[in-house]
Amino acid sequence: MGKVILLDLDGTIVDSYESVLLATEKSLTHFGIQIPQELHDVTEVGDLLSVASNHLAGHTTLEKFKLVYDSILYANPTKGVYVSASVLKLLSGFKKDGYTLVVLTNKKQEVAEIICNELFPRGVFKFVIGRSTVKPLKPSMHVFDELKKKGIMLDDIDCLIGDSETDIKTASILRVQYIDIRTLINKA
């Protein structure tokens, strides 16, 4: 398989802020929850669901909320999702250097696959690994199982490229180097 680079999806290789914000707002509205102002103060994709979850008490569970959220994203997975030219150039360079690229995301598996298949050239990623339930894949020990299912051993992994505390923690669990995507893009 060669050396593997794990890549986070949202905020790292795609800009999905508008898509996630809209799905979060629609999900809150579905449960009759007024959209909190602090939702619009958040700048990181991962923090949108955290803010929303703070307002679910008395309305629904996080699990039910995420089921609705996932179905909203699945209905139109690439709307409001963009890939920058600098990310495409970076990924192309990794491929030319012989790296195997694997997406590792907390986005629902089916949604992540559609995004990667529609927004990236064919064959860029060897695997897209997303969550199969409402529980996040990262950071957790389940990451080991998901990688192993794909035949990826820890010794194969060169680094994890991401943009969040979740990605830093995941790299730590895997005992691999973490690289912030902003560092790579700024160097290019």
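See the structure above.
Let me begin by describing the structure that accompanies this report.

Here is what the cut-offs are and how they apply
- Residues numbered from 1 in each chain as written.
- Predicted model: local features only at pLDDT ≥ 70, side-chain atom pairs only at ≥ 80, totals over all residues.
- Heavy atoms only, no water.
- Phe/Tyr/Trp six-rings, centres within 6.5 Å; stacked < 30°, edge-to-face > 60°.
- Buried < 20%, exposed > 50% of the residue type's maximum accessible area, 1.4 Å probe, protein only.
- Helix = DSSP H or I, 4+ residues; strand = E, 2+ residues; numbered from the N terminus.
- Pairing = 2+ DSSP bridges.
- Right-handed = clockwise from strand over helix to strand, strands pointing away.
- Core = buried A, V, L, I, M, F, W, Y, C linked by side-chain atoms within 4.5 Å.
- Expected span 1.5 Å × (residues − 1).
- Contact = heavy atoms within 4.5 Å.
- Axes fitted to C-alpha atoms, helices over the stretch in contact; angles between N-to-C directions.
- Parallel < 35°, antiparallel > 145°, perpendicular 65-115°, else oblique.
- Nonpolar A, V, L, I, M, F, W, Y, C, P; charged D, E, K, R; others polar.

## Some words on the packing of aromatic side chains
Reasoning step 1: Enumeration over the complete set of coordinates arrives at three aromatic pairs.
Reasoning step 2: With a centroid separation of 6.0 Å and an interplanar angle of 75°, the aromatic rings of Phe94 and Tyr99 are classed as edge-to-face.
Reasoning step 3: A residue is classified by how much of its surface remains accessible, and Tyr99, at 23% relative accessible area, is partly exposed.
Reasoning step 4: Measuring from ring centre to ring centre gives 5.0 Å for Phe120 and Phe125, while their planes differ by 75°; the resulting arrangement is edge-to-face. The burial state of Phe120 is the same as that of Phe125; both residues are buried.

## Focus on unusual backbone geometry
Reasoning step 1: The linkage connecting Lys138 with the following residue, Pro139, adopts the cis geometry, with an omega of -20°.
Reasoning step 2: Checked against the element boundaries, Pro139 lands in the loop between β3 (127–131) and α6 (142–149).
Reasoning step 3: The phi angle at Arg175 is positive, at roughly 60°, despite the residue not being glycine.

## Focus on the pairing of strand β4 (residues 157–162)
Reasoning step 1: When you tally the buried positions in β4, you get five out of six residues, the bulk of the element.
Reasoning step 2: Of the strand pairs in this sheet, β4 and strand β5 (residues 177–180) are connected by four bridges, and their pairing is parallel. Among the inter-strand pairings, Ile161 is bridged to a residue of β5, identified as Ile179.
Reasoning step 3: In this fold, β4 hands off to helix α7 (residues 165–174), which returns the chain to β5; that crossover is right-handed.

## Things to note about the nonpolar core
Reasoning step 1: Ile13, Leu91, Phe125 and Ile161 are the most contacted members of the largest nonpolar core, which has 43 residues in total.
Reasoning step 2: Counting 15 residues, the second-largest nonpolar core is a separate cluster that includes Val4, Leu137, Ile157 and Leu160.

## Overview of the pairing of strand β2 (residues 100–108)
Reasoning step 1: Along β2, eight of the nine residues are buried, which leaves the element largely enclosed by surrounding structure.
Reasoning step 2: As paired strands, strand β1 (residues 4–7) and β2 are joined by four bridges and run parallel to one another. Bridging from a neighbouring strand, Ile5 pairs with Leu101 of β2.
Reasoning step 3: What joins β2 to β3 is helix α5 (residues 109–119), and the crossover it makes is right-handed.

## A short note on helix α1 (residues 17–30)
The α-helix advances 3.6 residues per turn, and as a result positions three or four apart in sequence lie on the same side.
Reasoning step 1: Along its 14 residues, α1 runs 20 Å from first to last C-alpha, staying within 8% of the 20 Å computed at 1.5 Å per residue.
Reasoning step 2: Those residues of α1 lying buried are Tyr17, Ser19, Val20, Leu21, Ala23, Thr24, Glu25, Ser27 and Leu28.
Reasoning step 3: For α1, the elements touching its buried residues are α2 (45–53), α3 (62–75) and β2.
Reasoning step 4: In the segment just after α1, Gly32 is the residue with positive phi, at about 75°.

## Looking at the packing of α6 against α7
Reasoning step 1: The N-to-C vectors of α6 and α7 enclose an angle of 70°; their axes lie 10 Å apart at closest approach. Regarding the angle of α6 to α7, the classification is roughly perpendicular. Here Val143, Phe144 and Leu147 of α6 lie close against α7, whose contacting residues are Thr170, Ile173 and Leu174.
Reasoning step 2: For the contact of α6 with α7, the class distribution of residues is five nonpolar, one polar and no charged.

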